[in-house]
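# A look at the structure
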Amino acid sequence: MSFDDLLHRTGGMGRYQFIQIVMLMFPVMMTPIHHLLQNFTAAIPNHHCQIHAKNNETRWPNVIGNNDSKEVLQVFIPLDEKQIPEKCLRFTLAQWAFVNSSTTGDNVSTADVEPCLDGWIYDQSKFASTIITEWDLVCDSKQMQPIAQSIYMLGLLVGAVLYGGLSDRYGRRGILLWCYFQIAGTGLGTAFSPNYISYCIFRFLTGMGISGVAINTICLMMEWNSNHVRTIISSMYGYCFCIGQMILGGVAYGVRDWRWMQLASSLPFLIFFFYSWWLPESARWQIQTGKPEAALLALKRVAKINGKEEEGKAITLEILKFNMKQDIRSVKSTYTAVDLMRTPALRRITFCLTLAWFSVSFCFYGLAMDLGNFGISTYLIQIIFGAGDIPPKFICYLTMAYIGRKVSQSGTLIIAGLTILANIFVPPELQALRTSLAVIGKGCLSASFNCVYMYTGELYPTVIRQTGMGLGHTMGRIGGIVAPLVPMISDSFKSLSPIIYGSAALLSGVAVLFLPETLNLLLPETIQDVGSKTKVSDIKQKENRPLQTTDV
């Protein structure tokens, strides 16, 4: 008899499981807000150089106050090839010949220009304050913006490695509580950062906590719920991510100051920290780590909440040890990432999953962090992107539930890759079509994210599930780190970025086809269980059999 049999006897998907899912889903809604927060807190508004002080002559007394006028600006700021004021250059002397004449910046090749020595003027109509406007991260410092996002992604990577291993050793619940507290504290530190360096340090630490929340939330839910609802839980997790993206668009529209926005996205985790003390530890993990007494108490508590108190009382320590004797006997003091490569089956799983994790994150953040290039309101496109993820996730849920995980994972990646590559051939003036393809591609990647979380949890056994999830997150975060840097190396060839993103998605989609299917199969408990074909239906045949304390 497996743990799933005991879980069915204590209520299966009962009142406790419902409460647990609701409590854990609220923090999940906040995680995409932090992932995409820099679309607003580090937005780059329109800007140009401050007018040179010596050019502010008495016959132009209001020039500084009206320097957004193109007629005035062309006297002080050269125009680029699109007849837009240069962002990083200004005339050393006012070009009065341009006033009331047809002369433009095209005829000033001999005019003296200089960089913005006195700072910049920023358009505050969309963003009242960002880290860009506060610390002048433009022109020669423009690379600081994607670097800050990559540092946050590096925090996600370190958090996946650190908290994935720690939760397999010390438990899911305790690490989850610490991560809530860490996000609240470091988010507060970010909001009060006095400079760019401290901002990056606190964002790095916040990313660590966010990664710990993600991997422990999905694992805790899967290990306390019956097999037949795993697909639903994974889909709900994904929909919360969609809701979080839409919430971000609304919050950013209402809160235009980056420091207040940072506070609004971080302080709720303090609430999550306090109410999550009610949640019990994963009994499945406690059994695997040689703590059957604690697992028994957790099972009895869950049975009582589910209205199955009598069934809970019938489970004694002797019954638990007997029915779980194979799992308890296989307990090893410590498991490491090396165990992910111990058998040929695990090596194949690890290779294909790490490639999938990297590509999903790499392509997703490549699109999601590029909202300013779609020609419409950044706030609106954020909401559209969030809402646009819902239909693909619903379709992915149906395919996961009735066709299989492998087809769903591979299909979403391949379709995403094709839509990204297709956008290369769409002219810039067809903005609606470009946006539609981007929404479809990002929606498929979001659905693929939804699938890879559950697929990873189902492929790896309990004893190294969090280690495997941590490795997957690590590769995903490497993809997230690299994604913002790709446009920096493709300035001279604009199509290079979508070619890289699309090719990565296609390659990983093909690799996933080499993974085994897990639809309707029990979660593997030990390394020896990997590849087992035991089905959920086998549990139902045992449900009415009495609990045993002796060998049959």
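A quick note: this is a predicted structure, and the numbers were derived from the prediction, not measured.

Moving on, we come to the nonpolar core. Judged by nonpolar contacts, the single largest core of 101 residues is most densely connected at W224 and Y453. If one sorts the elements of this core by residue count, helix α17 (residues 344–368) sits on top with 13 residues. Ignoring any residue separated from it by four or fewer positions in sequence, one finds Y453 in contact with A214, I218, Y237, W357, M469, H473 and R477. One finds I51, L73, A148 and C200 within the second-largest nonpolar core, a separate group that totals 22 residues.

Attention now goes to the packing of helix α6 (residues 144–170) against helix α8 (residues 196–223). The contact between α6 and α8 brings their axes to 6 Å, and the two run at 40°. The orientation of α6 relative to α8 falls into the category oblique. Crossing geometry of α6 relative to α8 is assigned as right-handed. Looking at the contact of α6 with α8, its residues break down into 18 nonpolar, 11 polar and one charged.

Another aspect to go through is the environment of D257. In this structure, D257 sits in the loop between α9 (230–254) and α10 (258–266). On the basis of relative accessible area, D257 is assigned to the partly exposed category, the value being 27%. Through-space distance from the C-alpha of D257 to that of I131 is 9.6 Å; in sequence the pair is 126 residues apart. Engagement of the side chain of D257 in a polar contact is seen with the backbone nitrogen of R259, the distance being 3.0 Å.

Attention now goes to the pattern of salt bridges. With the rule as written, the count across this model stands at six salt bridges. We note a salt bridge from D389 to K442, for which the minimum N-O separation is 2.8 Å. In this pair, D389 sits in the loop between α18 (378–388) and α19 (390–402) while K442 sits in helix α21 (residues 431–459), placing the two residues 53 residues apart along the sequence. Measuring nitrogen to oxygen at the nearest pair gives 2.9 Å for the salt bridge that ties R405 to E458. Residue R405 is found in helix α20 (residues 405–422), and its partner E458 is found in helix α21; the two are separated by 53 residues along the sequence.

For the rest of this paragraph, the subject is the packing of aromatic side chains. Taken as a whole, this structure holds 22 aromatic pairs when the rule is applied. Consider the rings of W135 and Y199, whose centres lie 5.9 Å apart with planes at 65°: the pair is edge-to-face. In this pair, W135 sits in helix α5 (residues 131–135) while Y199 sits in helix α8, placing the two residues 64 residues apart along the sequence. For Y199, a relative accessible area of 0% gives the class buried. Centre to centre, the rings of F241 and F364 are 6.1 Å apart; their planes meet at 70°, and the pair counts as edge-to-face. Taken together, the residues F241 in helix α9 and F364 in helix α17 connect sequence positions 123 residues apart. Under the relative-accessibility criterion, F241 is labelled buried at 13%. Counting every residue linked through ring pairs, the aromatic cluster contains W178, F181, F273, F274 and W277. Looking at R203, its charged tip hangs above the ring of Y152, at a distance of 4.1 Å from the centre.

This part is about the environment of K291. Relative to the helices and strands, K291 resides in the loop between α12 (283–288) and α13 (292–305). The contacts of K291, once residues within four sequence positions are left out, are W285 and Q286.

Moving on: the environment of I19. Counting through the fold element by element, I19 comes out in helix α2 (residues 15–35). Expressed as a C-alpha distance, the spacing of I19 and I305, which sit 286 residues apart in the sequence, is 9.9 Å.

Another point: the side chain of S150. Topologically, S150 is positioned in helix α6. Residue classification places S150 among the buried positions, given a relative accessible area of 8%. S150 has contacts with I481, P484 and L485, leaving out every residue within four places of it along the chain.

Quick look at the state of the cysteines now. A disulfide bridge is the covalent bond that connects two cysteines by way of their sulfur atoms. This structure, assessed with the given rule, holds two disulfides. Two residues, C88 and C139, share a disulfide whose sulfurs are 2.0 Å apart. Its S-S torsion of about -100° marks the bond between C88 and C139 as left-handed, since a negative value means left-handed. Of this pair, C88 sits in the loop between α4 (70–76) and β2 (89–91) while C139 sits in the loop between α5 and α6, and the two are 51 residues apart along the sequence. Take C139: its relative accessible area is 12%, and that puts it in the buried class. Taken in N- to C-terminal order, the disulfide-linked cysteines of the chain are connected 1-3, 2-4.

Right, let's talk about unusual backbone geometry for a bit. A positive phi angle, close to 50°, is found at D136, a residue other than glycine. Among the secondary structure elements, D136 is positioned in the loop between α5 and α6. Exposure remark for D136: the relative accessible area of 27% places this residue in the partly exposed category.

A few words now on the confidence of the model for the chain. Reading fine detail from the predicted coordinates is not recommended where pLDDT is low. The share of residues in the chain with pLDDT of 70 or more is 84%, and the mean pLDDT across the chain is 80. Considering only residues more than four positions removed or in separate chains, one finds that residues 57–68, a stretch of pLDDT under 50, has 17 contacts. Confidence drops under pLDDT 50 across residues 547–552; counting only partners more than four residues distant or on other chains, this segment forms 15 contacts.

In this model, α20 (18 residues) spans 26 Å end to end at C-alpha, consistent with the 26 Å of a helix rising 1.5 Å per residue. On its buried face, α20 sits against α9, α17, α19, α21 and α23 (496–512).

We now examine a nonpolar patch on the surface. Together, F394, I395, L398, Y402, I403 and V407 make up a nonpolar patch on the protein surface, roughly 630 Å² of accessible area in all. It is α19 that contributes the most residues to the nonpolar patch, four residues altogether. Mapped onto the elements of the fold, I395 is located in helix α19.

Criteria and thresholds
- Residue positions are given per chain, counted from 1 along the sequence in the order it is written.
- Whole-chain, interface and lining totals are the exception, using all residues; otherwise, since this is a predicted model, local features are given only for residues with pLDDT of at least 70 and side-chain atom pairs are given and counted only at 80 or more.
- For side-chain calculations, the full set of non-hydrogen atoms in the structure is used, while hydrogens and water are omitted.
- By nonpolar core we mean a set of buried residues, namely Ala, Val, Leu, Ile, Met, Phe, Trp, Tyr and Cys, connected to one another through side-chain atoms within 4.5 Å.
- Only protein chains enter the accessibility calculation, which uses a 1.4 Å probe; a residue whose area is less than 20% of its type maximum is buried, one above 50% is exposed, and one in between is partly exposed.
- Each helix is a run of H or I in the DSSP string that is no shorter than four residues. Each strand is a run of E no shorter than two, and both are numbered from the N terminus.
- Every residue pair with non-hydrogen atoms within 4.5 Å of one another is taken to be in contact.
- Every angle, taken between N-to-C directions, lies between 0 and 180 degrees, and every axis is a line fitted to C-alpha atoms, over only the stretch in contact when it is a helix.
- These descriptions rest on fixed angle ranges, namely under 35 degrees for roughly parallel, over 145 for roughly antiparallel, 65 to 115 for roughly perpendicular, and the rest for oblique.
- Here a crossing is taken to be left-handed if its near helix is turned anticlockwise relative to the far helix by less than a right angle, and right-handed if that turn runs clockwise.
- Throughout, the ten residues Ala, Val, Leu, Ile, Met, Phe, Trp, Tyr, Cys and Pro are labelled nonpolar, Asp, Glu, Lys and Arg are labelled charged, and all others, Gly among them, are labelled polar.
- Polar contact is the term for a pair of N or O atoms within 3.5 Å; when the atoms are in protein, one must be able to donate a hydrogen and the other to accept it, and sequence-neighboring residues count only if both atoms are side-chain atoms.
- Each reported salt bridge corresponds to a side-chain nitrogen of Lys or Arg within 4 Å of a carboxyl oxygen of Asp or Glu.
- Stacked, edge-to-face and tilted labels apply to pairs of Phe, Tyr and Trp rings (six-membered ring for Trp) whose centres lie within 6.5 Å, assigned for plane angles under 30 degrees, over 60, and everything in between, in that order.
- Lysine and arginine charges are scored as sitting over a ring when NZ or CZ, respectively, is within 6 Å of the ring centre and within 35 degrees of the ring normal.
- In plain terms, two cysteine sulfur atoms within 2.5 Å form what is called a disulfide here.
- The quantity called pLDDT is the predictor's confidence in a given residue, expressed from 0 to 100.
- Here, expected helix span is obtained from the residue count minus one, scaled by 1.5 Å.
- Candidates for patches are residues over 30% relative accessible area with no salt bridge; among them, like charges are joined within 9 Å and nonpolar side chains (Val, Leu, Ile, Met, Phe, Trp, Tyr) within 5 Å.
- Values of accessible area rely on a 1.4 Å probe in the Shrake-Rupley scheme; residue burial ignores everything except the protein chains shown.

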